[in-house]
Amino acid sequence: MNVMEKGRTGCGALRAADEGSVVELCGWVNRRRDHGGLIFVDLRDNDGVTQVVFDPQHPSFQAAEHLRHEDVLRVRGTVRRRPAGTENPKLATGEIEVGVDELEILNRAQVPPFAVNSDDPVDENLRLEYRYLDLRRSRMQRNLRLRHRIVKAMRDYFDSRDFVEIETPMLMKSTPEGARDYLVPSRLHPGSFYALPQSPQMLKQILMIAGFGRYMQIARCMRDEDLRADRQPEFTQVDVEMSFCTQDDVLEIMESGMRYVWKAVLGVELPPFARLTYDEAIARYGVDKPDLRFGLELSDVGAHFAGTEFGVFASVLGAGGSIVALRYPGGASLSRRDFDALTETAKQFGAKGMVWVAYAADGVKSSASKFLSEAQLAAVRAAANAEEGDAVLLFADARELAYGVAGKMRNEVGDRCSLRDPRAFAFCWVLGFPYLELDEETGKPAPAHHPFTAPAEGQWELMESDPMQMRAQHYDMVLNGYELGSGSIRIHKPEQQRKIFEMLGLSPADVEHRFGFFVRALEYGAPPHGGMALGIDRIAMLACGEENIREVIAFPKNQVGRDLMMEAPSTVPEQLLRDLYLRSTVPADGSR
C-alpha cells in the first residue's frame, strides 16, 4: 500500500490484498453515480482513481447526494472487494472499493467549462484559459510526469560523466544571436536595459575559459520570435559544454546521453544514430532535418531530360536548376482531381507547379504526357524506384528550391501513406553545414549557426576567396524530422574570433560594444572547446507522442504569444513606467 503523509493513502494504491484495511483518501470527484440506493464516487488524485461507496445508513450519504464533479473530499472507510462481476479491469484499483464511514468536503467546485475526467478534444484556447483544470486531466498529468523523468535522467547521466551543473544569469547583456531579445529596463540605470538570455552561449564558453572543463545546465531561454507548433517564446534546453574536445567527443557524449534517457524513461534501446552530411541530407531527403522513419529518397532526374522540348524543364535545366523526383507509393490510384489538390499543396510549399506520372497497371498517365517520351518515363520510374501502382512527382526549379519543395512533399506523402510510425524513434546526426547563409531580410551573409562556431578544418583560407563555400564544425541532432538541437566546436583564439566578426561586417566599435567582454576573455588562455544544446520541450513532445510542445509545457503561451490564464502580456500602471523612465506610444485602445 502506498501510505502517504499522516497515513493518507494514494487513490491509485489499493489492491485486493488491502481488503479489510481502514484507509483515508483525499482527492477530487472524478465521477458520481446513483445505483440502487447506493452512491458511487470515483475519487481521483495524482496517484490514480478509487471507487468509494456511500451507504444510505451512514450520515455521510445525504451530503454525498449533492457532490459535483471536481469537489474536493477527504473520506475514511474500509477496503472491500467489489461484488463479483462488477470489477473494473481498466483501473489498477478495479478489484476493490472503499465503503465510506466518514466524509469531509474540503472544498466545492464550480461546474467545469469542459470535462476534466476525459481527454476528449477541447478548444485549445479554452484549455489554456482554464489551464489549472486542463492540467488535472490524465493526458497532461502523464506528459508532465514523463517530462520530469526525462530531465531527471539527463541530470543523472551528465552527473555520471563528471559534468557540473552551473546556473547562468537571466538578466544579461543584449548580444543578438539570430532572434530578437526580450529587453528588461533597469530602474537603477536609466536608459539601460538587460536582456533575457536567448541561450547561455557566451557564458558557458567563459566557464570553459574559467577551467570547469565539463558544464551542463537545464537552462531557461527566451526569444522574441514568431510561434509555431514546436516553438515557444520561452523554452527549456539541456545546455552542455566541454573543454579539450573534438567534434566526435561531443557527438559521443550527447548520443550516449539520449540513448540513456530513452532506456531509463521509455525502456527503449536505441541503435547507433545515423550520420549524414548536410549535402547528403538535402540530396536524399530535401531537408536538413530528415525523417528517417521511412524511405522515399529523392532523385535528380534532370540528366534524363537533356535536350527536352518541354519548355518548363528546358528553361530550368538551362538555368542550371534541378528536376527532382519523389515516389508516391500507390499513387497511381489517385484521380486527376487528387493530383490537382496535391499540386496546390506543393505550391503552398513554394513550388511553381508539379508534374506527375502515374504508373498504373493499364498504362502510364501523366500531367505532361505529350512532352515526355517513353524512354524518359521509364528512366524516371527507375530513378525513383517506382513500382506498378505508384506515382512519381516531379519538381523543377533552382536546385535549392526544387529540393526544398520535394523534401516537404516527401513528408506530406509520408503522412498520406501512413509511413510515419508514431511509435518509432529515428535519430540521426547532420554534419558539415555551410558556415554562412544569406539573411532573408538583408541579403547579406550571416552565420548559419552563430558567430562563435569554428570553421571546419582547412576552411579558414576560403574566408578571403569564397566565404560562402566555407563549412562549419556544426552538427544537429534530429529525431523524426525535428531538429532537437544544434552544437559546434567553438572558436577559441581571439584573433580568429575578431576575423569572423570582421567578415560579418562588424566594426571594431561594434565588436567592443556587443562582445568586448567575451573577446577579452579569449585572450586569457581559452582552451579548445565545444558543446551543444538540446530542446527539452521538443524531446518531451516526441517522447510523449504529441505533435505540439504546448502539450508538454505546464503554462505555455498560445499561437499568438498570449498567456490566456494570466492574461499576459498586459498593460502596467503609468507610475511603474515612470519609475523605469519609459513612456508608451501605443494608444489606449491598443491600436497601432
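Since the structure is predicted, the reported quantities are computational estimates derived from the model, not experimental observations. (Residues numbered from 1 in each chain as written. Predicted model: local features only at pLDDT ≥ 70, side-chain atom pairs only at ≥ 80, totals over all residues. Heavy atoms only, no water.)

K.L.:
What's the story with the pairing of strand β14 (residues 322-328) in this structure? I'm lost.
P.N.:
The side chains of a regular strand alternate between both faces of the sheet. With six of seven residues buried, β14 is to be regarded as a mostly interior element. The sheet contact formed by strand β13 (residues 299-300) and β14 spans two bridges and is antiparallel. Its bridge partner being in β14, S299 is matched across the sheet by A325. In the sheet, β14 pairs with strand β17 (residues 391-397) via seven bridges, with the strands oriented antiparallel. Each residue of the ladder has a partner; that of A325, found in β17, is L394. (Buried < 20%, exposed > 50% of the residue type's maximum accessible area, 1.4 Å probe, protein only. Helix = DSSP H or I, 4+ residues; strand = E, 2+ residues; numbered from the N terminus. Pairing = 2+ DSSP bridges.)

K.L.:
What am I meant to see in the packing of helix α4 (residues 138-160) against helix α6 (residues 247-266) here?
P.N.:
Two numbers describe a pair of packed helices, the interaxial angle and the distance between the axes. Where α4 contacts α6, the two axes come as close as 9 Å, and the packing angle between them is 135°. Classified by the angle their axes make, α4 and α6 are oblique. Relative to α6, α4 is oriented so that their crossing is right-handed. The residues of α6 that touch α4, namely those facing L146, R149, I150, A153, M154, D156, Y157 and F158, are E252, I253, M254, S256, G257, Y260, V261, A264, V265 and L266. (Axes fitted to C-alpha atoms, helices over the stretch in contact; angles between N-to-C directions. Parallel < 35°, antiparallel > 145°, perpendicular 65-115°, else oblique. Left-handed = near helix turned anticlockwise from the far one by under 90°. Contact = heavy atoms within 4.5 Å.)

K.L.:
Whenever I open this one, the sheet that holds strand β23 (residues 529-535) confuses me. Can you help?
P.N.:
By definition, the strands of a sheet pair up through backbone hydrogen bonds, in either a parallel or an antiparallel sense. If you walk across this open sheet you meet the eight strands as β7-β10-β11-β23-β22-β21-β18-β12, and the pairing is mixed. Each end of this open sheet is capped by a strand with a single partner; those strands are β7 (164-165) and β12 (274-277). Here two bridges tie β7 to strand β10 (residues 214-222), and the two strands are oriented parallel to one another. Pairing of V164 across the sheet is with Y215, part of β10. Its contacts with the sheet put helix α5 (residues 201-209) on β10, β11 (234-243) and β23, and the angle it makes with β11 is roughly 25°.

K.L.:
Help me understand the packing of aromatic side chains in this model?
P.N.:
Each aromatic ring pair is specified by the distance between its two centres and by the angle formed by the two planes. Applying the stated criterion to the full structure yields 18 aromatic pairs. Summarising the aromatic geometry, the rings of Y157 and F158 are spaced 5.0 Å apart at their centres and angled 80° between planes, so their arrangement reads as edge-to-face. A relative accessible area of 5% places Y157 in the buried class. Given the relative accessible area of 4%, F158 is considered buried. By way of ring pairs, the aromatic residues W262, F273, F425, F427, W429 and Y475 are connected into one cluster. Its end group placed over the ring of F294, R410 keeps NZ or CZ at 4.0 Å from the ring centre. (Phe/Tyr/Trp six-rings, centres within 6.5 Å; stacked < 30°, edge-to-face > 60°. Lys NZ or Arg CZ within 6 Å of the ring centre and 35° of its normal.)

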